[in-house]
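# Structural features, examined
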Amino acid sequence: MKLGSIRFYPVKSTASHDVDEAEVQPWGLAGDRRYLITDQNGDILTAREEPALLACVAELDGDTLTLTGPHAAPLPVTPVAATSTPRSAAMSTVDVWGAPVELTDCGDDAARWLSELAGQPVRLKWLDDPTRRPVDPAYGRPEDRVSLADGYPLLLATSASLAQLNDWIAETALERGDEPPAPLPMHRFRPNVVIDGVGTPFAEDAWKRLRIGNVGFRVTKGCDRCVLTTIDTATYTKGKEPLRTLARHRKWDGKVWFGINLIPDGPGRIVVGDAVTIL
C-alpha cells in the first residue's frame, strides 16, 4: 500500500487542492482548515448550506492566504494585518460543532469578497492558535487537539473503497433501469490522505494504527457522511448519491460511513508515494 494523494483545505468548506507533500502537526496537516466562514449571526457557514463556497480556491504562501473565485479578482489576506483595530478586538468566540473556539476576524476586504460569492453577509475567521480546540474526549486523549476540521486532525479514504462504492452506485442505477452515472470523484469525500493498493474495499474499517512513511497515526472512528458528499462540484447542485447507496450498503448506528478519522502520534512529513503500513 502507498500514499496515493494528499488533499489540502486551507479554508473549511471551500475547494480542495492536491499537494505532493505535507508537514504533519499534532492538530492536522500544516495550514489545513485553519480558516472558516461565519454567517451574519456568527455561526459557521459551510457548503452544506451554501454550495457556492466550493467555487472558492484558497492557497497559502507563508502567512498569506489568497482567495480565488469566479466572481472577483484574487484577494490576498494576511490575518493579523487584516484589521487596524487591536488584535483582541478582532477576536470572537465561534461554536465549532459544540466547542467554543476563539477565532480572529480577517477584515472587511475578505468579508466583502466572500459575501459576494456566498450571496449573503459572511466573515472569514482564522484560528491563530491551533492548540485551542480539543478532540472529542470520547475518542481522543486529553492532550489531543484539532484545527477546524469537523472532528479529527486527518481523514483517510482508500481508492479501493471508492471503486467499490462506484460499482454499487452503477448497480443501483441499472436496477432502476437508468444509465449508470459517471463515477464519483474522491474529492466529494474531502479526505486529507488517500491510500492506494488496499486489496479489500473498506479494509480500513478494522484498522487501529498505521504508519505513512515515518509518521504514525491512531484511528479514532469511522467517518459518518453528510449531505456535503452529494454536491456536484461542477454545478454546485445536490443529488442523492452517494448517500442513497451508502444507506443500502454502509449504514449502522443510524448513520452512513465512508473513510476513517486519524490522530497523529507525533509530528513529521508525508510524501505522495510513501509506504503505508498497518500496525
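Along each chain, the written sequence defines residue order, and numbers are assigned to residues from 1. Predicted model: local features are reported for residues with pLDDT of at least 70 only, side-chain atom pairs are reported and counted for 80 or more only, and whole-chain, interface and lining totals are derived from all residues. Values shown for side chains rest on all heavy atoms present in the structure; no hydrogens or waters enter the calculation.

An unreviewed UniProt entry annotates the chain as MOSC domain-containing protein of Nonomuraea diastatica.

### Observations concerning empty space enclosed by the protein
Rules: In this analysis, the protein atoms alone were mapped onto a 1 Å grid. Cavities are point sets where a 1.4 Å probe fits without being able to get out; pockets are open sets with protein on both sides within 12 Å along at least five of seven lines; lining residues have an atom within 4 Å of a point. Grid points are joined across faces, edges and corners, and a volume is the space filled by probe spheres set on the points. For this classification, Asp, Glu, Lys and Arg are treated as charged, while Ala, Val, Leu, Ile, Met, Phe, Trp, Tyr, Cys and Pro are nonpolar and the rest, including Gly, are polar.
For the structure shown, the criterion picks out one cavity of 30 Å³ or more. Taken as a whole, the largest cavity holds about 30 Å³ of empty space. Together, Leu54, His187, Arg188, Arg190, Leu228 and Thr233 line the largest cavity. Its residues assigned to classes, the lining of the largest cavity shows two nonpolar, two polar and two charged.

### Remarks on the environment of Cys56
Heads up, the condition is: Put simply, DSSP marks the helices as runs of H or I at least four residues long and the strands as runs of E at least two long, and each gets a number from the N terminus on. The rule is simple: take the accessible area with a 1.4 Å probe, protein chains only, and divide by the maximum for that residue type; under 20% is buried, over 50% is exposed, in between is partly exposed. Contact definition: two residues touch when any of their heavy atoms are within 4.5 Å.
Tracing the chain through its elements places Cys56 in the loop between strand S5 (35-38) and strand S6 (57-61). Residue classification places Cys56 among the buried positions, given a relative accessible area of 0%. Linking Cys56 and Gln25, residues 31 residues apart in sequence, is a C-alpha distance of 25 Å. Not counting the four nearest positions on each side in its chain, Cys56 is found in contact with Thr14, Ala15, Leu67, Thr68, Trp113, Leu114 and Leu117.

### Things to note about the pairing of strand S13 (residues 193-196)
Definition in use: Paired strands are those between which DSSP finds at least two bridges. We call a crossover right-handed when, viewed with both strands directed away from the observer, the connection leading from the first strand over the helix to the second proceeds clockwise.
Bridging between strand S1 (residues 2-8) and S13 involves four bridges; their strand directions are antiparallel. From the neighbouring strand, Lys2 faces S13, where its bridge partner is Asp196. Bridge count between strand S12 (residues 154-158) and S13: three bridges; the pairing is parallel. Counterpart to Ala157 in the pairing with S13 is Val194. For the crossover from S12 across helix H2 (residues 159-175) to S13, the handedness is right-handed.

### Things to note about the side chain of Glu241
Just so we agree on the cut-off: Pairing of N or O atoms within 3.5 Å defines a polar contact, subject to two protein rules: one partner must be a possible hydrogen donor and the other a possible acceptor, and residues neighboring in sequence count only if both atoms are side-chain atoms.
Structurally, the position occupied by Glu241 is in the loop between strand S15 (215-224) and helix H3 (243-249). Only 3.2 Å separates the side chain of Glu241 from the side chain of Arg244, close enough to count as a polar contact. A distance of 2.9 Å separates polar atoms of two side chains, one belonging to Glu241 and the other to Thr245. Not counting the four nearest positions on each side in its chain, Glu241 is found in contact with Ile169, Leu184, Arg188, Thr229 and Thr230.

### Observations regarding the sheet that holds S6
Worth spelling out the cut-off: All axes here are fitted lines through C-alpha atoms, helices being fitted over the stretch that makes contact, and every angle between N-to-C directions spans 0 to 180 degrees.
What the three strands build is an open sheet, ordered S6-S7-S8; its pairing is antiparallel. Either end of the sheet is taken by a strand with one partner, and the two such strands are S6 and strand S8 (75-77). Each strand axis lies, on average, 25° off the axis of its neighbour in the sheet, ignoring direction. As paired elements, strand S7 (residues 64-68) and S8 share three bridges and run antiparallel to each other. Bridge assignment links Leu67 to a residue of S8, and that residue is Leu75.

### Brief notes about the packing of aromatic side chains
To keep things clear, this is the line we draw: What counts as a ring pair is set by centres within 6.5 Å for rings of Phe, Tyr and Trp (its six-membered ring), and what kind of pair is set by the plane angle: stacked under 30 degrees, edge-to-face over 60, tilted for all other angles. Note on criteria: charge over ring means Lys NZ or Arg CZ within 6 Å of the ring centre, with the direction from the centre no more than 35 degrees off the ring normal.
By the definition in use, this model includes six aromatic pairs. Where Phe202 meets Phe258, the ring centres are 6.0 Å apart and the plane angle is 85°; that geometry is what we call edge-to-face. You can see Phe202 sitting in the loop between S13 and strand S14 (209-212) and its partner Phe258 sitting in strand S17 (residues 255-264), a full 56 residues away along the chain. Under the relative-accessibility criterion, Phe258 is labelled buried at 1%. Within the aromatic cluster, the residues linked to one another by ring pairs are Trp168, Phe189, Phe202 and Phe258. Above the plane of the ring of Tyr9 lies Arg33, whose end atom (NZ or CZ) is 4.1 Å from the centre. Positioned above the aromatic ring of Tyr139, the side-chain terminus of Lys221 is 5.8 Å from the ring centre.

### A short note on the sheet that holds strand S10 (residues 99-105)
With antiparallel pairing, the four strands of this open sheet are ordered in space as S5-S11-S10-S9. Sheet topology places S5 and strand S9 (91-96) at the edges, where each strand pairs with a single neighbour. Pairwise comparison of adjacent strand axes, ignoring direction, gives a mean angle of 50° for this sheet.

### Re the pairing of S7
With burial as the criterion, only one face of S7 is covered, namely that bearing Leu65 and Leu67; the residues Thr64, Thr66 and Thr68 on the opposite face remain uncovered. Alignment of S6 against S7, held across five bridges, turns out to be antiparallel. Note on S7: the bridge partner recorded for Ala58 is Leu67. Once S7 ends, the chain turns through six residues before running back antiparallel as S8.

### Considering the domain arrangement of the chain
Spelled out, the test is: Domains are outlined according to an automatic or database domain assignment. The term salt bridge refers to a pairing of a side-chain nitrogen on Lys or Arg with a carboxyl oxygen on Asp or Glu at a separation within 4 Å.
Assigned domains of the chain: these are domain 1 (34-126) and domain 2 (154-278). Between domain 1 and domain 2, the contact holds five residues from the first and eight residues from the second. For the pair domain 1 and domain 2, the interface holds zero salt bridges. At the boundary of domain 1 and domain 2, one finds one residue pair in polar contact (both at pLDDT 80 or more). Here the side of domain 1 that touches domain 2 is composed, by residue class, of four nonpolar, no polar and one charged.

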